[in-house]
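Coordinate inspection notes
So the chains spell out like this:
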Amino acid sequence: METDKINIPQHIAIIMDGNGRWATNKGFSRDKGHTEGRESAKEMVRTCAKIGVKNLTLFAFSSENWKRPKLEIELLMGLLHNSLITELKELQKNNIRLKTIGDTSKLPLVVRKFLEKVCDQTKNNDLMTLTLALSYGSRDEIINSVKEIADKVKNNIISVEKIDESLINQHLYTRNLPDVDLMIRTSGEKRISNFLLWQSAYAELYFSDKLWPDFKSEHLLKAIEDYKSRERRFGKTSQQII
Ligand code: FPP
């Protein structure tokens, strides 16, 4: 399946859900679901870069995922570390910038250090920005932004009257990223789960029944075709849009 570049979403955000169920259904341990899930994530990056998506944000680890069994957390951190090591060259070759959002101070030091290295080494790449949400929770992000702004008001750096959408945007982890155009969630669950709540105010939502390891390029392209067929009115009437 191909897609033309007209009206391509500029920012796609994906909740990659269903690794565990995929593995359990097949009689494997959950680990296998995550390793297969990583292959789908890689495929999304390649496809998005190829078709002209400028921003791809993947929900790789939520602030609530720290409550999972220790061994599963270690496996996920190991997968992330290993992926960063193996994919740095690919990111460079394909002119892709890596960013992170979330409270990365909670990640193991060795992973954090490597993440910083990859983000730094790819910071001038401009074909596409790949953002990994790690230890990310949208409410935490908003609280953080409110605290920073309140602090600036307290210290007379800004006045209350200056608080607007743009100022809040500048204090979110996603500063410099555009709003989400298309949010995809796999595995049949129809929830946003504390992911990019502010940034998805006008996003088109797309839910797929595929479990994440089974979600491949053809399914992404189907989601994009669906997105293109929708009329985004941003509160206006259809006539105003024409
Ligand atoms: C949700 O499936 C997936 C995660 C919590 C982790 C996402 C991680 C990957 C796709 C692999 C690594 C990716 C990168 C970018 C290195 P689940 O475990 O909640 O599945 P379940 O709901 O079926 O249990």
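Right above here is the structure, for reference.
The text that follows walks through the structure, step by step, so that each part is easy to find. (Residues numbered from 1 in each chain as written. Predicted model: local features only at pLDDT ≥ 70, side-chain atom pairs only at ≥ 80, totals over all residues. Heavy atoms only, no water.)

Attention now moves to the layout of surface pockets. Taken as a whole, the largest pocket encloses approximately 1000 Å³ of empty space. What lines the largest pocket is a set of 43 residues, and nearest its centre among them are Met16, Ala41, Phe59, Ala60 and Phe61. Elements represented by at least two residues in the lining of the largest pocket include exactly α1 (19-25), α2 (30-51), β2 (55-62), α3 (70-93), β3 (96-101) and β4 (128-136). With 10 residues, the single largest contributor to the lining of the largest pocket is α3. Looking at the lining of the largest pocket residue by residue, the class counts come to 22 nonpolar, 10 polar and 11 charged. (1 Å grid on protein atoms, 1.4 Å probe; cavity = no way out; pocket = protein on both sides within 12 Å on 5 of 7 lines; lining within 4 Å. Points joined across faces, edges and corners; volume = space filled by probe spheres on them. Helix = DSSP H or I, 4+ residues; strand = E, 2+ residues; numbered from the N terminus. Nonpolar A, V, L, I, M, F, W, Y, C, P; charged D, E, K, R; others polar.)

Taken together, 16 residues surround the ligand, and among them Met16, Gly20, Arg21, Arg30 and Arg68 come closest. With respect to the ligand, the backbone of Gly18 contributes an N or O atom lying 3.4 Å from an oxygen atom. Taking Asn19, its main chain carries an N or O atom lying 3.2 Å from an oxygen atom of the ligand. When the ligand sits alone it has 620 Å² of accessible area, and the protein chains cover 89% of it. Given that more than half its atoms are within 2 Å of the pocket grid, the ligand belongs to the largest pocket. Listing elements by their share of the shell around the ligand, those giving two or more residues are α1 and α2. Counting residues per element, the shell around the ligand draws most heavily on α2, which supplies four residues. Its residues assigned to classes, the shell around the ligand comprises four nonpolar, seven polar and five charged. (Near = heavy atom within 4 Å. Polar contact = N/O pair within 3.5 Å; in protein donor to acceptor, adjacent residues only side chain to side chain. Areas by Shrake-Rupley, 256 points an atom, 1.4 Å probe, with all protein chains shown as cover. Sits in = over half its atoms within 2 Å of the grid points.)

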